[in-house]
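If you want the building blocks of each chain, they are given just below.
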Amino acid sequence: MKLTDESWNSYQQGKGNEEYQKYMEDLTEEREEVLRIWNNLNTNEQETVMSMLHGFRK
């Protein structure tokens, strides 16, 4: 079975509304933290990170 965004989201929703709400809140907090870190990087640092991420994809 292949895990997709949709299947993971369905799994989280299946846990119940309260659990799903908590999951979404946690996800939002994590996203905000990542964006804060990203925005504090200079252009060269951002390019280095993107290069590393592209290397992981291969």
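Residues numbered from 1 in each chain as written. Predicted model: local features only at pLDDT ≥ 70, side-chain atom pairs only at ≥ 80, totals over all residues. Heavy atoms only, no water.

1. What about the overall build of the protein chain?
In step 1: Within the protein chain one finds three helices and zero strands.
In step 2: N-terminal to C-terminal, the α/β element order of the protein chain is α-α-α.
In step 3: For the protein chain, whose C-alpha radius of gyration is 16 Å, the value lies well above the compact-globule estimate of 10 Å for 58 residues.
In step 4: Each principal axis of the C-alpha atoms in the protein chain carries an extent, and together these give about 45 × 30 × 10 Å.
In step 5: The 58 residues of the protein chain split such that 3% are buried.
In step 6: Accessible surface, the protein chain as shown: approximately 5500 Å² in total, 53% of it carbon and sulfur. (Helix = DSSP H or I, 4+ residues; strand = E, 2+ residues; numbered from the N terminus. Rg over C-alpha atoms; globule rule 2.2 N^0.38 Å. Buried < 20%, exposed > 50% of the residue type's maximum accessible area, 1.4 Å probe, protein only. Areas by Shrake-Rupley, 256 points an atom, 1.4 Å probe, with all protein chains shown as cover.)

2. Comments concerning the side chain of Q12
In step 1: Mapped onto the fold, Q12 is located in helix α1 (residues 5-14).
In step 2: Under the relative-accessibility criterion, Q12 is labelled buried at 4%.
In step 3: The contact partners of Q12, leaving out residues within four places of it in the chain, are Y20 and Y23. (Contact = heavy atoms within 4.5 Å.)

3. Here's the deal with the pattern of salt bridges
Side chains that carry opposite charge are capable of pairing whenever their charged atoms lie near each other.
In step 1: Applying the stated criterion across every chain yields a total of two salt bridges.
In step 2: One salt bridge connects E33 with R36, and the closest N-O pair in it is separated by 2.8 Å. Highlighted residues: E33 and R36, both in helix α2 (residues 17-40), separated by three residues, approximately one helical turn.
In step 3: Accessibility expressed as a relative area gives 44% for R36, which makes it partly exposed. (Salt bridge = Lys/Arg side-chain N within 4 Å of Asp/Glu carboxyl O.)

4. A word on the packing of aromatic side chains
In step 1: Counted under the stated rule, the structure contains three aromatic pairs.
In step 2: Centre to centre, the rings of W8 and Y11 are 5.2 Å apart; their planes meet at 35 degrees, and the pair counts as tilted. Here W8 and its partner Y11 are both found in helix α1, three residues apart, which amounts to about one turn of the helix.
In step 3: Ring pairs connect the aromatic residues W8, Y11, Y20 and Y23, which therefore count as one cluster. (Phe/Tyr/Trp six-rings, centres within 6.5 Å; stacked < 30°, edge-to-face > 60°.)

5. A few points about a negative patch on the surface
In step 1: A cluster of acidic residues, E25, E29, E30 and E32, forms a negative patch on the protein surface.
In step 2: With respect to the secondary-structure elements, E30 resides in helix α2. (Patch = residues over 30% accessible without salt bridge, like charges linked within 9 Å, V, L, I, M, F, W, Y side chains within 5 Å. Lys, Arg positive; Asp, Glu negative; His and termini not counted. Charge placed at Lys NZ, Arg CZ, Asp CG, Glu CD.)

6. Quick look at a nonpolar patch on the surface
In step 1: On the surface, M50, M52, L53 and F56 cluster together into a nonpolar patch covering about 430 Å² of accessible area.
In step 2: Note on placement: L53 falls in helix α3 (residues 43-57).

Take it as geometry only, folks, not as evidence of what the structure does.
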